[in-house]
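Inside the fold
So the chains spell out like this:
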Amino acid sequence: MDIMMKNSVITQKNNTKKSLSFLTWLLIIGGIVATGIIWLFAKPILPVVDTTPPGFSVQGVAINQTSGYVDYHNLTSNGIDFTYLRATTGASFADDDYQSNYDRASTAKLKVGSIQVYDSSTNADTQAQYFIDKVGDKIGQLPIAIYVTQDQVVTQDSKERLAVLIQTLTAHYDKAVVIYTTSDVQKQLTSTISHTKYWLISSHANDKKATNQFIQYSEDHTIGTGLKAIKMPTSVFNGTEKEFEEIK
C-alpha cells in the first residue's frame, strides 16, 4: 500500500472517530436535557402546609438584626400574615436593617409592626424620643410592641416608667401598644398597667384571654420546606381574620 493510500485510510479512521465522539457527546447531552425535563414536570408538587395552631387563623413572626436576610415573599407564600420588626432598645441601640426590612415586608403584603425593647434604666421620654427618631412614621399597621423582660420591672419605679413610655408612644402615634412579655411579667404589671393588651410569650397557644392580643407559641418554629425553610419566633393573632384586618 502506497503512502497516499495509507494517509487516506488514516484520515478516514480519524474522521470516523470524530463522528462517533460527536455523536456520543450529543447523546449524553440529550440524555441530560431529557432527564432534566422529566424531573421538572414529573416531580411532586409540595403543598404549602398550614402550620397555624388549631383555633387560630392568623400567624406571624418576630424579626431582629440576628435574623439575617429574610425572604418576606417566602413567608407570605407559607401562610405568614404579619411580621414584627425589632427597631430599638432603650435609647442606645437601633437595628440598622429596620427600614430595609420594613420596605421589603410591606412589598410582600405583610402587615408590619415595630418593637421597642424596654430599658428600665433609661428615662421613658428619652426612650420614646429615640424610638420616634429612629423609626419615624414607618411603624406599620399593627400596635407598637414593647418587649419587657422580668429583670426590667423589679421595682415600682420601673413599672411606672414603662407606663409612661406606653402613654407617650400611644399619644404621639395615636396607636395602641402591646406589651411583649411572659405570663410572669404580665402578673407583675397587673396592678400598675391595666388597659394595655399583651403579646404573650408561651409554650402553647391556648391562653385566649382577651388581654392577650397576640401569643408567641414557638421560639423556633419552622416555616417553609426544603432549602427555603427557616426557623423563627412565631405567633398567632388572638382573634378572627376580620378583626385582624380591622387593625390600624
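Data block above holds the structure.
The text that follows walks through the structure, step by step, so that each part is easy to find.

Cut-offs applied
- Residues numbered from 1 in each chain as written.
- Predicted model: local features only at pLDDT ≥ 70, side-chain atom pairs only at ≥ 80, totals over all residues.
- Heavy atoms only, no water.
- Helix = DSSP H or I, 4+ residues; strand = E, 2+ residues; numbered from the N terminus.
- Buried < 20%, exposed > 50% of the residue type's maximum accessible area, 1.4 Å probe, protein only.
- Contact = heavy atoms within 4.5 Å.
- Areas by Shrake-Rupley, 256 points an atom, 1.4 Å probe, with all protein chains shown as cover.
- Salt bridge = Lys/Arg side-chain N within 4 Å of Asp/Glu carboxyl O.
- Core = buried A, V, L, I, M, F, W, Y, C linked by side-chain atoms within 4.5 Å.
- Expected span 1.5 Å × (residues − 1).
- Polar contact = N/O pair within 3.5 Å; in protein donor to acceptor, adjacent residues only side chain to side chain.
- Phe/Tyr/Trp six-rings, centres within 6.5 Å; stacked < 30°, edge-to-face > 60°.
- Lys NZ or Arg CZ within 6 Å of the ring centre and 35° of its normal.

A look at the overall build of the protein
- In terms of regular secondary structure, the protein is built from 7 helices and 9 strands.
- Out of the 248 residues belonging to the protein, those deemed buried represent 41%.
- In the protein, once contacts between residues fewer than 6 apart in sequence are set aside, the share between residues at least 24 apart is 64%.
- When the accessible surface of the protein is totalled, it reaches about 14,200 Å², and 58% of it is carbon and sulfur.

What to know about the pattern of salt bridges
- In total, this model carries 3 salt bridges according to the counting rule given.
- Its salt-bridge partner being Asp71, residue Lys228 comes within 3.9 Å of it at the nearest N-O pair. In this pair, Lys228 sits in the loop between strand E8 (212–223) and strand E9 (230–237) while Asp71 sits in the loop between strand E1 (59–63) and helix H2 (72–77), placing the two residues 157 residues apart along the sequence.
- With relative accessibility at 32%, the residue Asp71 sits in the partly exposed group.
- Asp103 is paired through a salt bridge with Lys138; the nearest N and O atoms lie 2.7 Å apart. In this pair, Asp103 is assigned in helix H3 (residues 98–107) and Lys138 in the loop between helix H4 (124–135) and strand E5 (144–147), connecting sequence segments 35 residues apart.

Quick word on the nonpolar core
- In this structure, Tyr72, Ile146, Leu162 and Leu169 are the most contacted members of the largest nonpolar core, which totals 39 residues.
- Broken down by element, the residue count for this core peaks at 6 residues, all from helix H5 (residues 156–173).
- If sequence neighbours within four positions are ignored, Leu162 has contacts with Tyr118, Ile146, Val148, Val153, Leu189 and Ile193.
- By size, the runner-up hydrophobic cluster in this structure holds 14 residues, among which are Val178, Tyr180, Phe237 and Phe244.

Things to note about H5
- The terminal C-alpha atoms of H5, which comprises 18 residues, lie 26 Å apart, in line with the 26 Å expected from a rise of 1.5 Å per residue.
- On the buried face of H5, the contacting elements are strand E4 (111–117), H4, E5, strand E6 (177–182) and helix H6 (183–189).
- Residue Asp174 follows H5 closely and has a positive phi angle near 55 degrees.

A look at the environment of Gln141
- Residue position: Gln141 is located in the loop between H4 and E5.
- Its relative accessible area of 28% is what places Gln141 among the partly exposed residues.
- Residues in contact with Gln141, not counting those within four places in the same chain, are Leu110, Lys111, Val112, Lys175, Ile247 and Lys248.
- Reaching out from Gln141, the side chain makes a polar contact with the backbone nitrogen of Val112 at a distance of 2.8 Å.

Section: H4
- With 12 residues, H4 ought to run about 16 Å at 1.5 Å a step, and its terminal C-alpha atoms sit 16 Å apart, in line with that.
- Inspection of H4 places Ala124, Gln127, Ala128, Tyr130, Phe131, Ile132 and Val135 among the buried residues, and these make up the whole buried set.
- Tucked inside the fold, the buried residues of H4 contact strand E2 (82–89), strand E3 (93–94), H3, E4, E5 and H5.
- Gly136 sits one or two residues past H4 and shows a positive phi near 65 degrees.

As for the packing of aromatic side chains
- Counted under the stated rule, the structure contains 12 aromatic pairs.
- Note on Phe82 and Tyr84: the rings are 6.3 Å apart at their centroids and 85 degrees apart in plane angle, and the pair reads as edge-to-face.
- Look at Phe82 and you get buried, because its relative accessible area is 0%.
- On the basis of relative accessibility, which here comes to 0%, the residue Tyr84 falls in the buried class.
- Sitting over the ring of Tyr147, Arg86 keeps its end group 5.1 Å from the ring centre.
- Across the ring face of Phe244, the terminal group of Lys111 is positioned such that the distance to the ring centre comes to 4.9 Å.

So, the environment of Tyr102
- In this structure, Tyr102 sits in helix H3.
- Judged by relative accessible area, which is 12%, Tyr102 ranks as buried.
- For Tyr102, the residues in contact, after removing those within four places along its chain, are Leu85, Val112, Lys138, Ile139 and Gly140.

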